[in-house]
Structures are given as structure tokens and as C-alpha cells.
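Coordinate inspection notes
For reference, the chains in residue letters:
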Amino acid sequence: MSEKKRMLAGELYFADDPELNAMRLKKRKLEREFNDTPYDAFELRASIIRELFGSTGKNCYVEPPFHCDYGCNTQVGDNFYTNFDCIFLDVAPITIGNNVFFGPRVGLYTPYHPIDARVRGEGLEGGRPITIGDDVWFGGNVVVCPGVTIGSDVVIGAGSVVVHDIPSHSVAVGNPCHVIRQISDADREYWEEKAQQYRAQVNAERAAAEANKA
């Protein structure tokens, strides 16, 4: 079994391997190209991200600077947004669903290192996948650790360190991150009412502007 196959299977492997080194070099060049683009080069950055990631859905937007280990082990769904300075260490698969938004400096870290110092010193390491469902929002500086699964319809508070799975329909915060409450129908009703108020106000403003032109 190659070191790449060991890595993707979650087994111990040596990262200093010719095949893996070549993969990292190729992706790091794309990462550098992405981060060096002019700010208004939106289409160019979108095309680089499509080449960098294993797969992307519609409306994938990544703010520079962005950093990753391989990129090709990351898959994202539709309507994905990540703010400045995010880091995806994807030695194991990172799978992200639809309608997921990340604040700045979010870290998704799949690698793990042996607790035993002697084995760790040999350079052996491993990785465990991270899976994130649909309709998820992370505040800034959230860290997700190896092997974590986060459900759908979840909010993770800023500064949280997620070391255990988080169930769907939850608000979770803290270090270690823990569920503080469920997302309820009352939450949905409240925010839908706020959205309706916004839409009504915008429509009224537009109608007034059109009337003034007449």
C-alpha cells in the first residue's frame, strides 16, 4: 500500500513521501497563485478554487488568503463561503454540504499525531475525515479537530474548538465545543419575520425611488 493510500485510509503514514511531496507542491503553487490575485479577480480565483478542490458546487466563494495541505481531498457543495485566513488541513477527506458559511480564521484539521513521543519522532502521522452537513454557520476562529462530524442546520459559536460530533439543529459553543440548545421553530419564525420586514422596507424604498423619478 502506498503512503497516499495509507493517508487516505486513516492509517499511519510518512508525509515525506515523493508522491505526496509532488501533490503538495502542485497544490501549494495553486494556493500561492490564488492568494496573489488582485482583489477584483473574482472569476480567476473561482477557477483556481475549482482546480484546487476535489469538487465544488455552484457559488463557491473563498476569500484570500486561504491555505490547505492538498485541496484535492476537500469537497464542498453549493453556496459555500469562507472568510479571510481559513486553513484546511485535508490529509484526510473534508466534506462540506450545501449553504455553509465560515467566518474568518476557521481551521479544519484532519491530521493527528501519535501521543507516544518515540513514534511521533519517527515522523509517522495519520488523518481522520471531517464531515459538515448542510445549512451550517461557523463564527470566526472555530477549530474542528480530526474525525469530527457536524450535522445539518448547525451554528458553531466563535472561538469554539470542536472535538466531538455535533448533532443537527443545534447551537454549540465553547472549548471543548458543546451543544447549548436546539434550533427551534420559534427561531425560524423570528428570523423569517425579520427577513420579511427587511424585504418590505426595501420594496417600499424602491417604490419611493421610482415615484420620485416619475
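Please refer to the structure higher up on the page.
Let us look at the structure shown here. Bear in mind that the values here come from a model prediction, so they are computed numbers and not experimental data.

Looking now at the packing of aromatic side chains. Evaluation of the coordinates by the stated rule reveals 10 aromatic pairs. Seen in terms of ring centroids, Tyr39 and Phe42 are 5.7 Å apart; in terms of plane orientation they differ by 80°. Their pairing is edge-to-face. Each member of the aromatic cluster is reached from another via a ring pair, and the members are Phe53, Phe66, Phe80, Phe88, Phe102 and Phe138. Above the ring of Tyr39, the side-chain terminus of Arg45 is found at 5.4 Å from the ring centroid.

This part takes up helix H2 (residues 18–35). Along its 18 residues, H2 runs 25 Å from first to last C-alpha, staying within 8% of the 26 Å computed at 1.5 Å per residue. For H2, the elements touching its buried residues are helix H1 (3–8), strand E1 (13–14), helix H3 (42–52), strand E2 (60–62) and strand E3 (66–68). Put simply, Asp17 is the residue that caps the front of H2, since its side-chain oxygen is 3.1 Å from the backbone nitrogen of Glu19.

This part takes up the packing of H2 against H3. In the contact formed by H2 and H3, the axes pass within 10 Å of each other and the chain directions differ by 165°. Considering their axes alone, H2 and H3 lie roughly antiparallel with respect to each other. Crossing angle aside, the handedness with which H2 passes H3 is left-handed. Listed contacts from H3 to Lys27, Leu30, Glu33 and Phe34 of H2 are Leu44, Arg45, Ile48, Ile49, Glu51 and Leu52. Classifying every residue of the contact of H2 with H3 gives 6 nonpolar, no polar and 4 charged.

Attention now moves to unusual backbone geometry. Most peptide bonds take the trans configuration, and most residues that are not glycine carry a negative phi. Along the chain, Pro64 connects to Pro65 via a cis peptide bond; the corresponding omega equals 0°. In this structure, Pro65 sits in the loop between E2 and E3. Backbone geometry at Asn141 places phi at a positive 65°, although glycine is not the residue there. The residue Asn141 is located in the loop between strand E13 (136–138) and strand E14 (143–144) in this model. Its identity is not glycine, yet His169 carries a phi of approximately 60°, on the positive side. Considering the arrangement of structural elements, one finds His169 in the loop between strand E17 (161–162) and strand E18 (170–173).

Criteria and cut-off values
Residues numbered from 1 in each chain as written. Predicted model: local features only at pLDDT ≥ 70, side-chain atom pairs only at ≥ 80, totals over all residues. Heavy atoms only, no water. Phe/Tyr/Trp six-rings, centres within 6.5 Å; stacked < 30°, edge-to-face > 60°. Lys NZ or Arg CZ within 6 Å of the ring centre and 35° of its normal. Helix = DSSP H or I, 4+ residues; strand = E, 2+ residues; numbered from the N terminus. Expected span 1.5 Å × (residues − 1). Contact = heavy atoms within 4.5 Å. Polar contact = N/O pair within 3.5 Å; in protein donor to acceptor, adjacent residues only side chain to side chain. Axes fitted to C-alpha atoms, helices over the stretch in contact; angles between N-to-C directions. Parallel < 35°, antiparallel > 145°, perpendicular 65-115°, else oblique. Left-handed = near helix turned anticlockwise from the far one by under 90°. Nonpolar A, V, L, I, M, F, W, Y, C, P; charged D, E, K, R; others polar.

Interpretation note: all reported values are geometric properties and have no functional meaning in isolation.
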